[in-house]
Amino acid sequence: MGFKCGIVGLPNVGKSTLFNALTQTAAAQAANYPFCTIEPNVGEVAVPDPRLDTLASIAGSGQIIPTRLTFVDIAGLVRGASKGEGLGNQFLANIRECDAIAHVVRCFEDGDVTHVEGKIAPVDDIETIETELMLADLESLEKRAAALEKKTKNGADKEAKEILDLMNRALVLLREGKPARLVERKPEEEQAFGMLGLMTAKPVLYVCNVEEASALEGNALSAEVFKRAAEEGAKAVVVSAKIESEIAVLPAEDQKDYLDAIGLDEPGLNRVIRAGYDLLHLVTYFTVGPKEARAWTITRGTKAPAAAGVIHSDFEKGFIRSETIAYGDYVQYKGESGARDAGRLRLEGKEYVVQDGDVLHFRFAN
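Residues numbered from 1 in each chain as written. Predicted model: local features only at pLDDT ≥ 70, side-chain atom pairs only at ≥ 80, totals over all residues. Heavy atoms only, no water.

1. Examining the overall build of the chain
Check the secondary structure of the chain and you find 14 helices and 12 strands. For the chain, the proportion of its 366 residues judged to be buried stands at 50%. The long-range share in the chain, meaning contacts at least 24 apart out of those at least 6 apart in sequence, stands at 68%. Within the structure as shown, the chain displays about 17700 Å² of accessible surface, and the carbon and sulfur contribution to it stands at 51%. (Helix = DSSP H or I, 4+ residues; strand = E, 2+ residues; numbered from the N terminus. Buried < 20%, exposed > 50% of the residue type's maximum accessible area, 1.4 Å probe, protein only. Contact = heavy atoms within 4.5 Å. Areas by Shrake-Rupley, 256 points an atom, 1.4 Å probe, with all protein chains shown as cover.)

Right, here's the structure in full:
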């Protein structure tokens, strides 16, 4: 499963450079001029998880299959994009299809790389993009709300009335210049709210693209972004797209030496993934055997049958129970047999909420 993250930002902030590094491809052309990304680029990247290697080693698994994340590199938006400026709003639909938005913000000075606004002001850049997304959401909702209002005049369609109520709550905020994610809603309204497809309702991760010297702790510009993120309940990470692009082309065995040489513990990709998981409330469970050790991503709070359904819909339909071993127990007792002998293998039913790190084997009826 994983999640699908749309990379947005103004032109020349490092979106395509970061995308290339994240996916270790050169599919997105990174060039020093606006709109070098003409079609959205989609790439997948494996989620690094040292637990998976440990489990595979204990079980003698023949293959290791990590879970994957999907990144979509979306063309640079500019002021007026919602009204057709630049490349217009043709890419907004791609944002709507994503689970979260990774908003790349330029937090470095470089006279050789032009800035579309003519100045380096990351918070202003954030507001420019947010405004365009809010205007697009506003226009979309106003059209749909007007049509739905006619449908609910006689009061017979209860579901349509509830959706209209959600739309109106979002419209109030958007007209005040506030994103739709601030709409107060009940847990039972989440699904309907998500179906509205509002871009400003999506969780936001700010990716502060800094110069190489600031890759570890950030700089004064990234500090402004972190402050903004804290105020609105978003997440922020510091990444040097330049460093990431250099790491991406190195053989795996050379990457650690490179990171050590520049004083970093890990690639920025790891920070992006962790922040993304936290933002979307994702956890990982594992299936382990002699053939393969595999990681699967689910939303925190997912019950065992739905977790099984991530592997195959038949597993969910015919779910009987899951054999469950906590990651720590699997490691401590050196695998399934040891955990079973120690009484640490549990049989869990349909109401069991899968925990991060669980090693599961599902029993199901054909």
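2. Concerning the environment of A21
Its location among the elements puts A21 in helix 1 (residues 15-23). With sequence-adjacent residues up to four places away left out, A21 is seen in contact with E244, S245 and A248.

3. Regarding the nonpolar core
Ranked by internal contacts, the top residues of the largest apolar core, which has 39 residues, are L69, F71, I95 and V207. Per-element accounting of this core gives the leading share, 7 residues, to helix 10 (residues 268-280). With near-sequence residues (within four places) excluded, F71 lies in contact with C5, I7, F19, L22, N41, V42, G43, V45 and V272. In terms of nonpolar packing, the next biggest core, distinct from the first, is built from 18 residues, L138, A145, L164 and L171 among them. (Core = buried A, V, L, I, M, F, W, Y, C linked by side-chain atoms within 4.5 Å.)

4. A few points about the packing of aromatic side chains
Any aromatic ring pair is given by two values, namely how distant the centres are and how the planes are angled relative to each other. As enumerated under the stated definition, the model contains 3 aromatic pairs in all. Ring geometry for Y285 against F362: centres 5.9 Å apart, planes inclined by 90°, an arrangement best described as edge-to-face. With Y285 in strand 8 (residues 282-288) and F362 in strand 12 (residues 359-364), the pair connects residues that are 77 residues apart, well separated along the chain. Given the relative accessible area of 7%, F362 is considered buried. In this arrangement the basic side chain of R51 is found over the ring face of Y327, its NZ or CZ atom lying 6.0 Å from the centre. (Phe/Tyr/Trp six-rings, centres within 6.5 Å; stacked < 30°, edge-to-face > 60°. Lys NZ or Arg CZ within 6 Å of the ring centre and 35° of its normal.)

5. Regarding empty space enclosed by the protein
If a probe the size of a water molecule is rolled over the atoms, the empty space left behind becomes visible. Taken as a whole and judged by the stated rule, the model has 3 cavities of 30 Å³ or more. The space that makes up the largest cavity amounts to roughly 60 Å³. Lining the largest cavity, in full, are V8, I101, H103, I126, I129, E130, L133, V204 and Y206. Elements represented by at least two residues in the lining of the largest cavity include exactly strand 5 (100-106), helix 4 (122-151) and strand 6 (204-209). For the lining of the largest cavity, the element with the most residues is helix 4, which contributes 4 residues. Partitioning the lining of the largest cavity into residue classes produces 7 nonpolar, 1 polar and 1 charged. (1 Å grid on protein atoms, 1.4 Å probe; cavity = no way out; pocket = protein on both sides within 12 Å on 5 of 7 lines; lining within 4 Å. Points joined across faces, edges and corners; volume = space filled by probe spheres on them. Nonpolar A, V, L, I, M, F, W, Y, C, P; charged D, E, K, R; others polar.)

6. What to know about the layout of surface pockets
Taken as a whole, the largest pocket encloses approximately 690 Å³ of empty space. Around the largest pocket, the lining comprises 30 residues; the ones closest to its centre are V47, P48, D49, N270 and I273. Here the lining of the largest pocket takes 5 residues from helix 10, the largest share from any one element. Of the residues in the lining of the largest pocket, the class split is 18 nonpolar, 4 polar and 8 charged.

7. Brief notes about the pairing of strand 2 (residues 41-46)
Side-chain alternation along strand 2 places N41, G43 and V45 on a buried face and V42, E44 and A46 on a face that remains uncovered. Sheet topology note: the strand 2/strand 4 (residues 68-73) ladder contains 6 bridges and is antiparallel. Looking across to strand 4, one finds that A46 is bridged to R68. (Pairing = 2+ DSSP bridges.)

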